[in-house]
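Commentary on secondary and tertiary structure
Chain by chain, the residues:
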Amino acid sequence: MILTERETRHEQVLRIAQQMMTAARTAPKGKGVDVIEIALVTDEDIQKLSNEMIAIHGENGFKFFLRDADNILNAECVLLIGTREHAHGLNCGHCGYATCAERPAGVPCVIVSVDVGIAIGSACATAADHRVDTRVMFSAGLAAQRLNILEGCKQVFAIPVSASSKNPFFDRKPKEQPKE
């Protein structure tokens, strides 16, 4: 049997993305409390994510949503990392409020926000170790959050993953209008 790289690329990228998920899960967590959720979007669900990004552009007018909506269509898969809300009870004031009790609903605990960032960094480091192309996208993460892909999660970020001759998430030009 002879297998070419082109024939095995998709499965290889999916395996690497699964390793990225593990890296995000095992990343250090503040106070050792794990409220991180992780999912992998593939195939037709990438198109759904792209469509939601186009809808968000229609609401806010930010052109980077159109550009990113087109970009993720070049991904083999899109990794999502988000967090459930959790007050750590440290009363540290890092969120801008003196105590956790004073923090209004919807204002994230800084410890949880840092946990998401560390998980994203661990996932991207794993991708770099395997030489696949990625880019952290707030835009696709917001679309995933609105689609409730990671049920009940806030602060969702997306990491599209690709293995092609040129990184499709680099040298990106803003889109003027969505593809028909």
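Residues numbered from 1 in each chain as written. Predicted model: local features only at pLDDT ≥ 70, side-chain atom pairs only at ≥ 80, totals over all residues. Heavy atoms only, no water.

Here we come to the environment of Asp-133. Relative to the elements of secondary structure, Asp-133 occurs in strand β3 (residues 133-134). Asp-133 sits in the buried class, given a relative accessible area of 19%. Taking C-alpha positions, Asp-133 is 27 Å from Glu-151, a pair spaced 18 residues apart along the chain. (Helix = DSSP H or I, 4+ residues; strand = E, 2+ residues; numbered from the N terminus. Buried < 20%, exposed > 50% of the residue type's maximum accessible area, 1.4 Å probe, protein only.)

The terminal C-alpha atoms of helix α1 (residues 5-26) lie 30 Å apart, and with 22 residues this matches the ideal 32 Å at 1.5 Å per residue to within 8%. The largest bend in α1 comes to about 30°, at Glu-11. The complete set of buried residues in α1 reads Arg-9, Val-13, Ile-16, Ala-17, Met-20, Ala-23 and Ala-24. Looking at the packing, one finds that the buried side of α1 touches β1 (36-42), β2 (77-83), α4 (110-129), β3 and β4 (154-162). (Expected span 1.5 Å × (residues − 1). Bend = angle between axes of the 7 residues up to and from the residue. Contact = heavy atoms within 4.5 Å.)

Under the criterion given, the structure shown has three aromatic pairs. Site record: aromatic cluster; members linked through ring pairs are Phe-62, Phe-64, Phe-65 and Phe-138. (Phe/Tyr/Trp six-rings, centres within 6.5 Å; stacked < 30°, edge-to-face > 60°.)

In this section: unusual backbone geometry. For Asn-91, which is not glycine, the phi torsion reads 50° and is therefore positive. Relative to the elements of secondary structure, Asn-91 occurs in the loop between β2 and α4. According to the relative accessible area criterion, Asn-91 is partly exposed, its value standing at 43%. Unusually for a residue other than glycine, Gln-155 sits at a positive phi of about 50°. Note that Gln-155 resides in strand β4.

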